[in-house]
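Below, each chain spelled out in residue letters.
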Amino acid sequence: MLKPNEIVHFYEVHDPISARVASQTGFDFGWVSSLCVATSHGIRDSEELGPEHILDTCLQLSSTSNLKLLVDGTNGFNSIEKLAYLIKRLEKIGALGIVIEDKAGVKNNSLQTGAQIGATEGDFIEKIQASLALRSRMLIVARLEGLIRGESADAVYRRARAAHEVGADAIFIHSNRDCFDHIQEVCHSISGEIPVIVCPTTYPLPPSNLLLEHAIRGVIWANQGMRAAIRAQLEVAEHIRKYSSAPEEGLMSMKELFQFMDYEEISSLKSRFPRI
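All figures in this text were calculated on a predicted structure; none of them were measured in a lab.

(A) The packing of aromatic side chains, seen in detail. Counting across every chain of the model gives five aromatic pairs. Relative to Y203, the ring of F180 has its centre 5.9 Å away and its plane inclined at 50°; by these criteria the two rings are tilted. Taken together, the residues span a long stretch of sequence, with F180 in the loop between β6 (170–173) and α7 (181–190) and Y203 in the loop between β7 (196–198) and α8 (208–213) at a distance of 23 residues. Residue F180 shares its accessibility class with Y203, and that shared class is buried. Positioned above the aromatic ring of F260, the side-chain terminus of R20 is 6.0 Å from the ring centre. The cationic tip of K68 hangs over the ring face of F29; the distance from NZ or CZ to the ring centre is 5.2 Å.

Printed below as a string of structure tokens:
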């Protein structure tokens, strides 16, 4: 899946509509984000979110799209039972892989302000080993949050090396900084030993040739679609509430909506099979 001379782009999907958007705009790979799944359920990306929310979303996505899903497994929900529950069921519905992060303690979003508690290397590596033992074919991706916790690039590299040595299929390097430099430093140390995935939420993404030079094989667009959708709906709702009329611009026409949802398929079937 992560090939030497290609970069795979994962677009965030949290319901069948976002999956249809991803598919119709040319994406083959989807990222099932704990933040966006939680938001779509009207809850916070915290202890309010459980593996059942992730799994239910993946079931909907797999039944309504052909996207290859990379799934946010957070830190395994602090439980071997919940980790096993999630991995075994994701395998059955054909998920591409799961991402496990090196965090401990009460769940919170990585980009929230406040302290982020890191798992010890031993605890994290054991969680990666457990994930590898549970899977039969899914990718196991080790997500490293050290840069967010203020750790050095060298410390993040050492943990990446440890995860690679026990069999992790790829490394996801997360950062909340506004530039790519620290990720580039980690990748320079990795030197192509293992595929790297990045997530440009707070920093601009460098050109593809620079990504390939640093063994970056995957890019996750983790929440841009959700953030755009919420802003657009707020603007429309505020306009209607204020003016008692719908805005003239910015709305999809009804014709475009029917095209987006492929109503023509049903019309064609009715023409072909009029007795049903």
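(B) Main features of the pairing of strand β1 (residues 8–12). Taken across its five residues, β1 has four buried, putting it largely inside the fold. Where β1 meets strand β8 (residues 216–221), four bridges bridge the pair, whose relative direction is parallel. Within the sheet, the bridge partner assigned to F10 lies in β8 and is I220. Here β1 pairs with strand β2 (residues 29–32) via three bridges, running parallel.

(C) Fine view of the state of the cysteines. One pass over the full model with this rule turns up zero disulfides. Summary of cysteine pairing: C36 is not part of a disulfide, and the nearest cysteine sulfur, belonging to C199, is at 9.9 Å. C187 supplies the cysteine sulfur nearest to C179, a cysteine that is in no disulfide, at a spacing of 13 Å.

(D) Structural detail: the pattern of salt bridges. Overall, the coordinates contain twelve salt bridges when judged by the stated rule. Two residues, D154 and R158, come together in a salt bridge whose shortest N-O distance is 2.3 Å. Of the two residues, D154 and R158 both sit in helix α6 (residues 153–165), four residues apart, roughly one turn of that helix. Of the residues examined, D154 reaches a relative accessible area of 41% and is grouped as partly exposed. By relative accessible area, R158 is classed as partly exposed at 45%. Shared partners join several salt bridges into a network, and the residues in it are D72, E101, R143 and E145.

(E) Inspection of the pairing of β2 at higher detail. The two faces of β2 match: F29 and W31 on one face and G30 and V32 on the other face are all buried. In this view, the connection linking β1 to its parallel neighbour β2 by way of helix α1 (residues 16–24) has right-handed handedness. Pairing of β2 with strand β3 (residues 68–72), which is carried by four bridges, proceeds in the parallel orientation. Counted as the bridge partner of V32 is V71 from β3.

(F) Structural detail: the sheet that holds strand β4 (residues 97–101). Here we have eight strands rolled up into a closed barrel, ordered β1-β2-β3-β4-β5-β6-β7-β8, and parallel in their pairing. Ignoring which end each strand starts from, the neighbouring axes of this sheet average 25° apart. Relative to β6, strand β5 (residues 139–144) runs parallel, the two being bridged by four bridges. Across the sheet, V141 pairs through a bridge with A170, a residue of β6. Against the sheet, α7 touches β6, β7 and β8, its axis set at about 160° to β6.

Calculation notes
Residues numbered from 1 in each chain as written. Predicted model: local features only at pLDDT ≥ 70, side-chain atom pairs only at ≥ 80, totals over all residues. Heavy atoms only, no water. Phe/Tyr/Trp six-rings, centres within 6.5 Å; stacked < 30°, edge-to-face > 60°. Helix = DSSP H or I, 4+ residues; strand = E, 2+ residues; numbered from the N terminus. Buried < 20%, exposed > 50% of the residue type's maximum accessible area, 1.4 Å probe, protein only. Lys NZ or Arg CZ within 6 Å of the ring centre and 35° of its normal. Pairing = 2+ DSSP bridges. Disulfide = S-S within 2.5 Å. Salt bridge = Lys/Arg side-chain N within 4 Å of Asp/Glu carboxyl O. Right-handed = clockwise from strand over helix to strand, strands pointing away. Axes fitted to C-alpha atoms, helices over the stretch in contact; angles between N-to-C directions. Contact = heavy atoms within 4.5 Å.

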